[in-house]
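Examining the three-dimensional arrangement
So you can see what is in the structure, the chains are spelled out below.
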Amino acid sequence: MPVILQVDFPTQGPFKAEMTTAFKTLAESINLEDGMQWKIWTENSETKEAGGIYLFNCQENAQKYLKMHTTRLESFGLNNIRGKIFEVNQALSELNHAPL
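Residues numbered from 1 in each chain as written. Predicted model: local features only at pLDDT ≥ 70, side-chain atom pairs only at ≥ 80, totals over all residues. Heavy atoms only, no water.

1. Focus: helix H2 (residues 59-75)
Over its 17 residues, H2 runs 24 Å from end to end, which matches the ideal 24 Å to within 8%, given 1.5 Å per residue. Restricting attention to buried positions, one finds in H2 the residues Asn61, Ala62, Tyr65, Leu66, His69, Arg72 and Leu73. The buried side chains of H2 occupy one side of the element, clustering within an arc of 135° when seen end-on. Facing away from the buried side of H2 by more than 90 degrees, the exposed set consists of Glu60, Lys67, Thr71 and Ser75. Elements in contact with the buried residues of H2: strand S1 (3-10), helix H1 (16-30), strand S3 (49-56) and strand S4 (82-87). (Helix = DSSP H or I, 4+ residues; strand = E, 2+ residues; numbered from the N terminus. Expected span 1.5 Å × (residues − 1). Buried < 20%, exposed > 50% of the residue type's maximum accessible area, 1.4 Å probe, protein only. Arc of directions from axis to C-beta. Contact = heavy atoms within 4.5 Å.)

As structure tokens, then:
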């Protein structure tokens, strides 16, 4: 069953084009994670927050990725990383054009 992983954290940046340049290699590596189907990168330069919304094929792969990603973000000096996993209501999501 597909699940959504929501991750966000406070950061001083980079944002926008600088973020794209700085994290291109990281973004490419995320495509290789077990069960990862897609990611939407999120950022808010005004509130100094960033993160992402991911679709994983199952809870186990989402939890494994969240553990690894939290450790990675902490190694970058980031703190207060928040991660939540949600089950997907596929029927309603498809009705609203979700890319499942």
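2. A word on the sheet that holds S4
The strand order across the open sheet built from 4 strands is S2-S3-S1-S4, with neighbouring strands paired in antiparallel fashion. In this open sheet, the two edge strands, each paired with only one partner strand, are strand S2 (36-44) and S4. On average, adjacent strands in this sheet sit at an angle of 15° to one another, irrespective of strand direction. In this sheet, S4 lies alongside S1 in antiparallel orientation, the contact comprising 6 bridges. When the sheet's bridge partners are listed, Ile4 is paired in S4 with Phe86. Across the sheet, H1 touches S2 and S3, and the angle it forms with S2 is around 160°. Relative to S1, H2 is tilted by about 15°, and along the sheet it contacts S1, S3 and S4. (Pairing = 2+ DSSP bridges. Axes fitted to C-alpha atoms, helices over the stretch in contact; angles between N-to-C directions.)

3. Notes on the packing of aromatic side chains
The tally for this structure, following the rule as stated, stands at 4 aromatic pairs. Residues Tyr54 and Tyr65 carry aromatic rings whose centres are separated by 5.1 Å and whose planes lie at 55° to one another, so their mutual orientation is tilted. Here the residue Tyr54 occupies a position in strand S3, and Tyr65 occupies one in helix H2, the gap between them amounting to 11 residues. Tyr65 sits in the buried class, given a relative accessible area of 2%. An aromatic cluster is built from Tyr54, Phe56 and Tyr65, whose rings are joined through pairwise contacts. Cation over ring: Lys39 sits above Trp41, and NZ or CZ is 3.4 Å from the ring centre. (Phe/Tyr/Trp six-rings, centres within 6.5 Å; stacked < 30°, edge-to-face > 60°. Lys NZ or Arg CZ within 6 Å of the ring centre and 35° of its normal.)

4. Digging into the pairing of S1
Where burial is concerned, most of S1 is hidden: 6 out of the 8 residues are buried. Relative to S3, S1 runs antiparallel, the two being bridged by 8 bridges. For Phe9, the partnering residue across the bridge sits in S3 and is Ala50.

5. Topic: the environment of Gly77
Take Gly77: it is sitting in the loop between H2 and S4. Sequence separation of Gly77 and Gln12 is 65 residues, and the distance between their C-alpha atoms is 11 Å.

These values are about where atoms sit, not about what they do.
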